[in-house]
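The chain contents come next:
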There are 2 protein chains.
Amino acid sequence: MTTQSTDIHAAIRAADDRFEAAFNRGDAAGLAGLYTDDGMLLPTGSDFVQGKEAIAAFWKGAMDMGIKSAKIDIVEVEQHGGTAIDMGQYTLRSADDQVLDQGKYVVIWKHEDGTWKLHRDIFNSSLAQQ
Amino acid sequence: MTTQSTDIHAAIRAADDRFEAAFNRGDAAGLAGLYTDDGMLLPTGSDFVQGKEAIAAFWKGAMDMGIKSAKIDIVEVEQHGGTAIDMGQYTLRSADDQVLDQGKYVVIWKHEDGTWKLHRDIFNSSLAQQ
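Residues numbered from 1 in each chain as written. Chains lettered and ligands numbered in written order. Predicted model: local features only at pLDDT ≥ 70, side-chain atom pairs only at ≥ 80, totals over all residues. Heavy atoms only, no water.

Let's shift gears to the relation of the copies chain A and chain B. Superposition of chain A onto chain B requires a rotation of 180° combined with a translation of 0.0 Å along the rotation axis, giving an RMSD of 0.0 Å. Here the symmetry operator amounts to a two-fold rotation axis. By residue overlap, the copies meet face to face through one surface: 100% of the interface positions of chain A are interface positions in chain B. (Least-squares fit on C-alpha atoms with pLDDT ≥ 70 in both. Contact = heavy atoms within 4.5 Å.)

We now examine the sheet that holds strand β4 (residues 83-93) of chain B. Residue and element names in this part refer to chain B. Read from one edge of the open sheet, six strands run β2-β1-β6-β5-β4-β3, paired in mixed fashion. Lying at the two open borders of the sheet, with one neighbouring strand each, are β2 (49-50) and β3 (69-80). The pairing of strand β5 (residues 99-112) with strand β6 (residues 115-125) spans 10 bridges and is antiparallel. Paired with Val107 across the two strands is Asp121, which belongs to β6. The sheet strands contacting helix α3 (residues 52-64) are β1 (35-42), β2 and β6, and the helix crosses β1 at an angle near 45°. (Pairing = 2+ DSSP bridges. Helix = DSSP H or I, 4+ residues; strand = E, 2+ residues; numbered from the N terminus. Axes fitted to C-alpha atoms, helices over the stretch in contact; angles between N-to-C directions.)

Quick look at the interface of chain A and chain B now. Counting residues at the interface gives 31 residues for chain A and 31 residues for chain B. Taken together, the two surfaces of chain A and chain B that pack against each other cover about 2,400 Å², and 66% of this comes from carbon and sulfur. At the surface where chain A touches chain B, the tally comes to four salt bridges. Here B:Arg120 ties to A:Glu76 by a salt bridge, and the two come within 2.7 Å at their closest N and O atoms. (Buried area = accessible area lost by both parts, 1.4 Å probe. Salt bridge = Lys/Arg side-chain N within 4 Å of Asp/Glu carboxyl O.)

Looking now at the pattern of salt bridges. The final tally for this structure, using the stated rule, is 18 salt bridges over all chains. The residue A:Asp37 makes a salt bridge to A:Lys52 at a minimum N-O spacing of 3.3 Å. With A:Asp37 in strand β1 (residues 35-42) and A:Lys52 in helix α3 (residues 52-64), this pair connects stretches of sequence that are 15 residues apart. When its relative accessible area of 59% is taken as the criterion, A:Asp37 is described as exposed. A salt bridge links B:Glu20 to B:Arg13; the shortest N-O distance between them is 3.0 Å. Residue classification places B:Glu20 among the buried positions, given a relative accessible area of 15%. (Buried < 20%, exposed > 50% of the residue type's maximum accessible area, 1.4 Å probe, protein only.)

Laid out in structure tokens, this is it:
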């Protein structure tokens, strides 16, 4: 049980590393490629964003707004076969390393084609709203 | 498979009905009682809210801000044994039936003490941000 928990944590951490790397090199299409084919993003201020093209456009928009890096910190991961439930925190920074946003997320991952892919991705800011 | 999917959908819908009923009668403690003992709420503009006391205080605050009813519409539910992953939409209304907020959620449910309880509850507004 402990071994399994450690394994899934490491596997999701590796997937998060790919997410951070794609984000930090400004590769919105690469980010979208980390989602399942029917992946969905649930961002604040928007309806459901479904499919790789729409997901790429969303992240491209975030990058165009000046977000240059994303850091992900896992709080907990729970595995159910080919599904993993991941909860954690994120930090978004500008090119000059200012924190633009900090918040929380829940990601449902699916194991597809030998790798873990984001399937449902919901997040929100922890900062006080204006 | 279809039968199981229908069963879990009906079970989560019944739990949502209890949530809506507690909300609509202004019963913040009753709402908190629908969460697991270590349940967590992940609201926009706040850090993680953990435990029934903090969850009750959060929902009391929302009610005090004028939210009088909550409507929940399930988009999909997926069951993994005693865990269910639920994604959907919510609508919050004032006493005079004005829509105060519409948004999306992901709830991780756990089957405890013979019933489905909210374990992780994250949501955000779909309305354009000011």
